[in-house]
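Read off the chains here:
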Amino acid sequence: MNVNTPITEQMLSFVICGVIIGILYEPLRILRQLVKHKNILTGIEDTLFFALCGFLLFGLSMNVGNGQFRLLYLISACIGAFAYYFTLGKIVRLIYSLLIKSISKIIRFILKPIKKILGIIVLKIKRLFVGLYEKFRKSGQKSFSHLKNSTEMLYNKLCIKKERSKENDIRVKIKAKVKK
């Protein structure tokens, strides 16, 4: 378009651009509906999206407005985005939310028997390992039953005695055990 393009056509171009911006924002909303986001990630996504919108509006103003960017262009784009959001956007969001709920119910229905089968397998494996643990624990207790308690152990005829000091830390004193 050139300089002689009527202002109404320029405004209409930016209103259509605003509708396109609203349509481009839908995948971000759907993604946020499917996957929970933290605030920082949402901020980054929105910043990148609005940077893309800025480039889109600037490019359109260079083409339509012959290198001039007017506040009217920005207002027209906002009108287009709001018009999409409050009219067609509501219908699209409703369709997508119903579609997402239906797909999630179908996936849960398919995964329910698989989850039960995996639960049974995990339970059997758990019982196997618990049984093995009990068996080795009992046999381990039998094999260590002939050993002395740690407080009665003697190494190299030394007696290890633990005493508490005033600072409540444990100090080990080693005394030579003398046979009489």
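Note: the structure precedes this text.
Residues numbered from 1 in each chain as written. Predicted model: local features only at pLDDT ≥ 70, side-chain atom pairs only at ≥ 80, totals over all residues. Heavy atoms only, no water.

**Q** Before we go on, may I ask you to explain the overall build of the chain in this structure?
**A** A count of helices and strands for the chain gives four helices and three strands. The linear arrangement of helices and strands in the chain, starting from the amino end, is α-α-α-α-β-β-β. Going through the 180 residues of the chain one by one, you find that 18% of them count as buried. (Helix = DSSP H or I, 4+ residues; strand = E, 2+ residues; numbered from the N terminus. Buried < 20%, exposed > 50% of the residue type's maximum accessible area, 1.4 Å probe, protein only.)

**Q** For this particular structure, what's the right way to read the side chain of Ser76?
**A** Topologically, Ser76 is positioned in helix α3 (residues 71-86). Judged by its relative accessible area of 1%, Ser76 is buried. At a separation of 2.8 Å, a polar atom in the side chain of Ser76 contacts the main-chain carbonyl oxygen of Leu72. Setting aside its immediate chain neighbours within four residues, Ser76 contacts Met11, Phe14 and Val15. (Polar contact = N/O pair within 3.5 Å; in protein donor to acceptor, adjacent residues only side chain to side chain. Contact = heavy atoms within 4.5 Å.)

**Q** Can you help me understand the packing of helix α1 (residues 7-34) against helix α2 (residues 39-64) in this one?
**A** Two measures define how a pair of helices packs: the angle their axes make with one another and the distance between the axes. Axis separation between α1 and α2 bottoms out at 11 Å; the angle between their running directions is 160°. Taken together, α1 and α2 sit at an angle that is classed as roughly antiparallel. Seen from above, α1 lies across α2 with right-handed handedness. The residues of α2 that touch α1, namely those facing Gln10, Ser13, Phe14, Cys17, Ile21, Leu24, Tyr25, Leu28, Leu31 and Arg32, are Thr42, Glu45, Asp46, Phe49, Cys53, Leu56, Leu57, Leu60, Ser61 and Val64. Counted by class, the contact of α1 with α2 contains 13 nonpolar, four polar and three charged residues. (Axes fitted to C-alpha atoms, helices over the stretch in contact; angles between N-to-C directions. Parallel < 35°, antiparallel > 145°, perpendicular 65-115°, else oblique. Left-handed = near helix turned anticlockwise from the far one by under 90°. Nonpolar A, V, L, I, M, F, W, Y, C, P; charged D, E, K, R; others polar.)

**Q** Got a minute to help me understand the nonpolar core in this structure?
**A** For soluble globular proteins, nonpolar side chains are generally found buried alongside one another. One finds Phe14, Cys17, Ile21, Tyr25, Leu28, Phe49, Cys53, Leu57, Leu60, Val64, Tyr73 and Ala77 forming the largest nonpolar core, which totals 12 residues. Of all the secondary structure elements, the ones that give two or more residues to this core are α1, α2 and α3. (Core = buried A, V, L, I, M, F, W, Y, C linked by side-chain atoms within 4.5 Å.)

**Q** What is the right way to read the packing of aromatic side chains from this model?
**A** Aromatic ring pairs are reported here in terms of the distance separating the ring centres and the angle at which the planes meet. Within this structure, the stated rule accounts for six aromatic pairs. Taking 6.2 Å as the distance between ring centres and 75° as the angle between the ring planes, the aromatic pair formed by Phe69 and Tyr73 counts as edge-to-face. With a centroid separation of 4.9 Å and 90° between ring planes, the pair formed by Tyr85 and Phe86 is classed as edge-to-face. Among the aromatic residues, ring-to-ring pairing joins Phe14, Phe69 and Tyr73 into one connected group. Positioned above the aromatic ring of Tyr85, the side-chain terminus of Arg93 is 4.3 Å from the ring centre. (Phe/Tyr/Trp six-rings, centres within 6.5 Å; stacked < 30°, edge-to-face > 60°. Lys NZ or Arg CZ within 6 Å of the ring centre and 35° of its normal.)

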